[in-house]
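# What the coordinates show
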Amino acid sequence: MLCPYRLDPHQIQGLDFVHIYPVVQWLVKRAIQVREETGDTNRAYALRQFQQHYSMPEDVEREKVVKSAQDSIQRLNDVYAPKRKYRRKAGHNIPDVTTQVQYTLLEYGHKAGAFTSAAVKADESEKHTKKVSKKAKEEPRSAGDLANEEYNEMVGEMEQVDDRGRKVKASVIGGIVSQQAEQIAHMEALHQQQKLQMGNFLPEGLIALPGKQMPMSEVLSQQLEELKLKKQQAEDRKRSMEVRLEELKIEKKSLKTRKEALDQENAVLEEITSGVDEDQLELVAELVRQKDEAEEAVSSFRLQCKTEAAGYKAEYQRLREELENPTDESHLLSEELRKRLETERSTLSEVRLRLAQRNREVAQLQRSLDDVPSQAELSQYQKRFIELYDQVAAKLRETKKVLHPIQHVD
């Protein structure tokens, strides 16, 4: 370990602190130095591995929020994407940048804000202001009329684009609108003419179809049929109400008879209970109420037991039929389960055999390891040898002390 201090085993066993302390001090300094060298590297490696395989809860929530926000922004961009409504004709020149901006806004349907009053546009372009002032001298008009005329002029110089990207000419659109207006005016004239012809003979809500003149006799016959139908319905309602009235009278009589019977029973009960204490009456009433509740609970419990017994019987019958007449699916399932059980048993026996063989190998290795003395045992052997050496040396010294006088006496 490149330790500059020498330390023997008997010094460790004998707790020679004078020689042990420098070695321990050097080991502590070396451990601190190695930890400082490898700490930052290990920490960076650990953080990288954690970030690759795991994530903190706040990071997961942040990713979800960012993903949902991106999806929402994408949906908003798709929904509110600019849609082109007009397209400039080929070869149309734009005089200045302001007019080009207005044309571009108009292409995507932005009329508000794209056009200003004649006075504001006069400040932006002197040439346009002169033209507007000349037109105002010839024919005095308001700034709104001038703005509408400019808008119509710009629309006439462009082509409309439908949803599928095809171009629709402004002349075609104007022809369609004018045709619809003529048709509406024609239908309105026909309607007024028929109203004048019919006068006040038609009932409220009955209007003749446009383009067809209904004869007066046919209208009156239709009105008469409607009145007859209403009369028939009223008579049917009257008969049903009369039947209901008779039923109510009969029910009233039965209720009146029952009321009289109840009054008689009440009078009899008052005569019977006139000499009885009220506390006893309340106790009897409470007992009767408890008896009714108990009977109701017993009946409901019996009904529940019958329902559960019927369910159990049906389940037992079904299971019995399945056992007596097994289907192909159940037979195949039982065969498959049996095969799986046999396979698992054979696998278990093989695993047990391998486990026993591995245990024998482990025991053999353990015995081999036990044959080799450990460091503690070697230290003990060394200590005992040192003690034996000291004992033999002491015995030798004693023997020399005894033999030395004898040798000198001779």
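## Details of the overall build of the protein chain
Of regular secondary structure, the protein chain possesses 12 helices and 3 strands. Looking at the 410 residues of the protein chain, the share that counts as buried comes to 8%. Counted over contacts in the protein chain with a minimum sequence separation of 6, partners at least 24 positions apart contribute 42%. For the protein chain, the exposed surface amounts to about 36,100 Å²; the carbon and sulfur share of it is 57%.

## Details of the pattern of salt bridges
The tally for this structure, following the rule as stated, stands at 12 salt bridges. A salt bridge links Arg 244 to Glu 247, with the nearest nitrogen and oxygen atoms 3.4 Å apart. Linking Arg 244 with Glu 247, this pair stays in helix H9 (residues 216–272), spanning 3 residues, or about one helical turn. Among the residues examined, Arg 244 registers a relative accessible area of 43% and is labelled partly exposed. Using a relative accessible area of 43% as the deciding quantity, one classes Glu 247 as partly exposed. By sharing partners, the salt bridges in this structure join Glu 286, Arg 289 and Glu 293 into a single network.

## Considering a nonpolar patch on the surface
On the surface, Leu 378, Tyr 381, Phe 385, Leu 388 and Val 392 cluster together into a nonpolar patch covering about 520 Å² of accessible area. Checked against the element boundaries, Tyr 381 lands in helix H12 (residues 375–409). You can call Tyr 381 partly exposed: its relative accessible area is 47%.

## Re the confidence of the model for the protein chain
Per-residue confidence for the protein chain gives a mean pLDDT of 76; residues scoring 70 or more make up 74%. For the protein chain, per-element mean pLDDT is lowest for helix H5 (residues 118–124), which scores 44, and highest for helix H11 (residues 328–371), which scores 88. This stretch, residues 200–213, has a pLDDT under 50; its non-local contacts, to residues over four places away or in other chains, come to 17 contacts.

## So, helix H2 (residues 17–53)
The sharpest bend along H2 reaches about 40° and sits at Thr 38. Along H2, the residues that are buried comprise Ile 20, Val 23 and Trp 26.

## Looking at the environment of Lys 89
Inspection of the secondary structure puts Lys 89 in the loop between strand S1 (86–88) and helix H4 (97–107). Residue classification places Lys 89 among the partly exposed residues on the basis of a relative accessible area of 38%. For the pair Lys 89 and Met 158, spaced 69 residues apart in the sequence, the C-alpha separation amounts to 5.5 Å.

Cut-offs used in this document
- Residues numbered from 1 in each chain as written.
- Predicted model: local features only at pLDDT ≥ 70, side-chain atom pairs only at ≥ 80, totals over all residues.
- Heavy atoms only, no water.
- Helix = DSSP H or I, 4+ residues; strand = E, 2+ residues; numbered from the N terminus.
- Buried < 20%, exposed > 50% of the residue type's maximum accessible area, 1.4 Å probe, protein only.
- Contact = heavy atoms within 4.5 Å.
- Areas by Shrake-Rupley, 256 points an atom, 1.4 Å probe, with all protein chains shown as cover.
- Salt bridge = Lys/Arg side-chain N within 4 Å of Asp/Glu carboxyl O.
- Patch = residues over 30% accessible without salt bridge, like charges linked within 9 Å, V, L, I, M, F, W, Y side chains within 5 Å.
- pLDDT = per-residue confidence, 0-100.
- Bend = angle between axes of the 7 residues up to and from the residue.

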